[in-house]
Amino acid sequence: MAEEAVLGYLENNYEIRDSGEFAAERGVDHNEMVNVIKSLHGFRYVDAEDIKRETWVLTDEGNIYANVGSPEVQLMLAIPPEGISRDELQKKLGPTVFKIGCAQAAKNKWLEMGKQLISRKVEHVEDRVKDLLLQIQQGQGIGLDDIKALKARKLIVPQTWKGYSVKKGPSYAPKRKKVVTDLTRDNFQSGEWKELEFKEYNYSAKGQPLEGGHLHPLLKVRCQIKQIFLCMGFEEMPTNNYVESSFWNFDSLFQPQQHPARDSHDTFFLDAPSTTKELPEDYVNRVKQIHESGGYESRGYAYDWKREEANKNLLRTHTTAVSSRMLYQLAQKSFSPKKYFSIDRVFRNEAVDRTHLAEFHQIEGLVCDRGLTLCDLIGVLHDFFSRLGMTKLKFKPAYNPYTEPSMEIFSYHEGFKKWVEVGNSGMFRPEMLRPMGLPEDVQVIAWGLSLERPTMIMYGIDNIRDLFGHKVDLGLIKKNPICRLGIE
Ligand code: PHE
């Protein structure tokens, strides 16, 4: 209705000067009129210009007096012809109306304030204050002096009224055309499209959030790291066995059977099946021997190696168990150099906190060739980590039962402004490689790191439980970007 009124009026008139008056004349609520004008303006049917007016509205107190009369008149009406004592009058009116009423009535010279009694000086009074307030309430103008007086008594406050003046716009029509959003087969075939007005595309509208599947950040980073390995010519190792025997997880890696990591406090052992069925017997014997009495220039650990211990099944504690299997297989054929990698899940019986989980993912790389040195390891680490955006590396001597020398890897984080540990590495010991049957001059350089750590850094997540596990907020998985530019 309001829309028809605006468009209809402009058909024969140059301008709607004031949307407030226009709405009032037609009995339309001004807010509704404003919405209609805004919409017509948006589609350029009309040009609307802001207009502002200072108006006055009643305060709460002003509203009360507009209803029940000003305190001074209330007071006058409460005074009987013979006069009344102060106390009694105050009791009748209450302290506030009494106080204000007295002051104003005295100012108007309406009162006779005797020692005992208060009595009227005038018989009849008009409630001008009430009348003025009612006029303002109805949107009528009043004189400047009256405004000042009411404002001083805090019965009215100013308010800016906003409306529009409205003229025809460039797309003016006496009736709004229906805009269509799509060119359809029907309106195309019928030729109707020639007459239709099409809705403009809003190129800055936000799209609907995707409700389909979402890749987890760990999967995205895993994919990126896999690409890095593939670009560097590495082959992926088959890591599809979470259950491993102690033999491959520890013994083959020259990790002694008393080593604390082999305690159930650190490792999840399986109840069923509790032991492995099959191990390569010849190799098992060579491993037993290297642990007990050494060989290949090693003295071994000099303890009584137990087969039962090696047979125990566990959830693999590192993917190096798989590396060990792969190197053993490699040693069964005539030697050719290899570059292997894996990225998969491992398990540790650890107390869970903001940086540790009982299951997480390891990234592991190894190069197996004749005559490799520590320099080759440092070189390949620089190559690998710089592809991840980590160009400043530092190495610190470390210890692993299966590598010598071993190095922890640190990278300088430009955002954190400090060195952060990013991995562990080393050259596999002859005690591990020689019993497998690898030629004497073959060395293996290897490194490992967690997948969670770089992912948390890339996605700015500081609690690992927000990234992986049952407490992960699915909203985060949905919201995180499809691609990232850069690493920091
Ligand atoms: N397996 C080691 C770990 O769990 C990582 C590592 C891999 C270290 C290869 C040296 C060589 O931390």
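- Per an unreviewed UniProt entry, the protein carries the name phenylalanine--tRNA ligase and comes from Cicer arietinum.
- For the protein, the Cofactor (unreviewed entry) comment in UniProt is given as "Mg(2+)".
- Recorded under Subcellular location (unreviewed entry), the UniProt text for the protein is reproduced unchanged: "Cytoplasm".

Focus on the overall build of the protein
Moving on, step 1. Within the protein, the secondary structure is distributed over 19 helices and 17 strands.
Moving on, step 2. In summary, the protein has a C-alpha radius of gyration of 44 Å against a globular reference of 23 Å for 488 residues, an excess of more than 25%.
Moving on, step 3. Counting across all 488 residues of the protein, residues that qualify as buried make up 42%.
Moving on, step 4. If you take every contact in the protein between residues at least 6 apart in sequence, the share linking residues at least 24 apart comes to 70%.
Moving on, step 5. Summed over its atoms, the accessible surface of the protein is roughly 28,300 Å², and 51% of this surface lies on carbon and sulfur atoms.
Moving on, step 6. Seen as two clouds, the 66 positive and the 68 negative side-chain charges of the protein have centres 3 Å apart.

A few points about the domain arrangement of the protein
Moving on, step 1. In terms of domain boundaries, the protein breaks down into domain 1 (2–59 + 138–168), domain 2 (71–126) and domain 3 (217–479).
Moving on, step 2. For domain 2 and domain 3, the distance between their C-alpha centroids amounts to 98 Å.

A closer look at the packing of aromatic side chains
Moving on, step 1. All told, the structure shown has 20 aromatic pairs when counted by the stated rule.
Moving on, step 2. With a centroid separation of 5.3 Å and 80° between ring planes, the pair formed by F247 and W248 is classed as edge-to-face.
Moving on, step 3. Among the residues examined, F247 registers a relative accessible area of 0% and is labelled buried.
Moving on, step 4. Three or more aromatic residues joined by ring pairs form one cluster here, namely F229, F234, F341, F384, F385 and W447.
Moving on, step 5. Over the ring of F22 we find R26; its NZ or CZ atom is 3.7 Å from the centre of that ring.

Here's the deal with the site of the ligand
Moving on, step 1. Around the ligand, the surrounding shell holds 13 residues, and the nearest of these are H318, T320, R348, Q362 and Y402.
Moving on, step 2. Q362 is positioned such that a nitrogen or oxygen atom in its side chain is 2.8 Å from an oxygen atom of the ligand.
Moving on, step 3. Relative to its unbound accessible area of 320 Å², the ligand is 91% covered by the protein chains.
Moving on, step 4. Among the cavities detected, the one that contains the ligand is the largest pocket.
Moving on, step 5. Elements that contribute at least two residues to the shell around the ligand include exactly β13 (359–370), β16 (418–428) and β17 (442–450).
Moving on, step 6. Among the elements that take part in the shell around the ligand, β17 stands out by supplying 3 residues, more than any other.

Digging into the packing of helix α11 (residues 217–231) against helix α18 (residues 452–459)
Moving on, step 1. At a minimum axis separation of 10 Å, α11 and α18 run at an interaxial angle of 110°. Considering the angle they form, α11 stands roughly perpendicular to α18. Contacts between α11 and α18 involve P217, L218, K220, V221 and Q224 on the former and, on the latter, E452, T455, M458 and Y459.

Regarding helix α3 (residues 30–42)
Moving on, step 1. Taking 1.5 Å per residue as the helical rise, α3 with its 13 residues ought to reach 18 Å, and the 18 Å between its terminal C-alpha atoms agrees with that figure.
Moving on, step 2. If you check which residues of α3 are buried, you get H30, M33, V34, V36, I37 and L40. Within α3, the buried residues cover an arc of 165° as seen down the axis, which keeps them to one side. α3 presents N31 and G42 as exposed residues on the side facing more than 90 degrees away from its buried surface.
Moving on, step 3. Among the structural elements, α1 (2–12), α2 (19–25), β2 (46–58) and β6 (156–168) are those in contact with the buried residues of α3.

Regarding the state of the cysteines
Moving on, step 1. Enumeration according to the criterion identifies 0 disulfides in this entry.
Moving on, step 2. Among the cysteines around C223, which has no disulfide bond, C231 carries the closest sulfur, lying 11 Å off.
Moving on, step 3. A residue is classified by how much of its surface remains accessible, and C223, at 43% relative accessible area, is partly exposed.
Moving on, step 4. For C231, a relative accessible area of 58% gives the class exposed.

A closer look at empty space enclosed by the protein
Moving on, step 1. One pass over the structure, following the stated rule, counts 1 cavity of 30 Å³ or more.
Moving on, step 2. What lines the largest cavity is simply F385, M390, V422, L449, R453, P454 and I457.
Moving on, step 3. A per-element tally of the lining of the largest cavity places α18 first, with 3 residues.
Moving on, step 4. For the lining of the largest cavity, the residue count by class is 6 nonpolar, no polar and 1 charged.

Digging into the nonpolar core
Moving on, step 1. In this structure, I225, F229, F234, I363, F384, F385 and W447 are the most contacted members of the largest nonpolar core, which totals 37 residues.
Moving on, step 2. For this core, the elements supplying multiple residues, two or more each, are α11, β12 (338–347), β13, α16 (374–387), β15 (403–413), β16, β17 and α18.
Moving on, step 3. Excluding its chain neighbours within four sequence positions, the residues that come into contact with I363 are I225, F229, S342, I343, F384, W447, G448, L449, S450 and L451.
Moving on, step 4. Within the second largest apolar cluster, 30 residues are counted, among which are W248, Y283, L327 and L330.

Reading the values: rules and limits
- Every chain's residues receive numbers from 1 upward, in the order its sequence appears when written.
- Owing to the predicted nature of the model, reporting of local features is limited to residues with pLDDT of at least 70; listing and counting of side-chain atom pairs is limited to 80 or more, with chain, interface and lining totals taken over all residues.
- The side-chain figures draw on all heavy atoms in the structure; neither hydrogens nor water molecules are used.
- UniProt positions are given in the numbering used here, feature names are shortened, and annotations may be inferred rather than shown by experiment.
- Each helix is a run of DSSP H or I of at least 4 residues and each strand a run of E of at least 2, with the numbering of both proceeding from the N terminus.
- In this setup the radius of gyration rests on C-alpha atoms only. A globule is expected at 2.2 Å times the number of residues raised to 0.38.
- Residue burial is assigned from relative accessible area. The probe radius is 1.4 Å, only protein chains are included, and a residue is buried under 20% of its type maximum, exposed over 50%, and partly exposed in between.
- For this analysis, residues touch if any pair of their heavy atoms sits within 4.5 Å.
- Accessible surface is estimated by sampling points in the Shrake-Rupley manner with a 1.4 Å probe; for residues, cover comes only from the protein chains shown.
- Lys and Arg are tallied as positive, Asp and Glu as negative. Neither His nor the chain termini are counted.
- We put the charge of a Lys on NZ, of an Arg on CZ, of an Asp on CG and of a Glu on CD.
- The start and end points of each domain follow an automatic or database-based domain assignment.
- In this scheme Phe, Tyr and Trp rings, the latter by its six-membered ring, pair at centre separations within 6.5 Å, and the angle between planes marks the pair as stacked below 30 degrees, edge-to-face above 60, and tilted otherwise.
- Criterion for a charge above a ring: Lys NZ or Arg CZ within 6 Å of the ring centre, and within 35 degrees of the ring normal.
- What makes a residue near a molecule or strand is one non-hydrogen atom of that residue sitting within 4 Å of it.
- Any pair of N or O atoms that falls within 3.5 Å is considered a polar contact. Within protein, one atom must be able to donate a hydrogen and the other to accept it, and sequence-neighbouring residues count only if both atoms are side-chain atoms.
- With a 1 Å grid spanning the protein atoms alone, the term cavity applies to any set of points in which a 1.4 Å probe fits but cannot get out, the term pocket to an open set with protein on both sides within 12 Å along at least five of seven lines, and the term lining residue to any residue with an atom within 4 Å of a point.
- Think of it this way: if more than half of a molecule's atoms are within 2 Å of a pocket's grid points, that molecule is in the pocket or cavity.
- Axes here refer to lines fitted to C-alpha atoms; in helices the fit is confined to the stretch in contact. Angles between the N-to-C directions go from 0 to 180 degrees.
- Angles are sorted into four bins: roughly parallel if under 35 degrees, roughly antiparallel if over 145, roughly perpendicular if 65 to 115, and oblique for all others.
- Any helix carries an expected span of 1.5 Å times its number of residues minus one.
- Along the arc lie the directions from the helix axis toward the C-beta atoms.
- Counting rule for disulfides: a pair of cysteine sulfur atoms within 2.5 Å.
- Grid points are joined across faces, edges and corners, and a volume is the space filled by probe spheres set on the points.
- Throughout this entry, Asp, Glu, Lys and Arg are counted as charged residues, while Ala, Val, Leu, Ile, Met, Phe, Trp, Tyr, Cys and Pro are counted as nonpolar. The remaining residues, Gly among them, count as polar.
- The term nonpolar core refers to a set of buried residues drawn from Ala, Val, Leu, Ile, Met, Phe, Trp, Tyr and Cys, joined through side-chain atoms within 4.5 Å.

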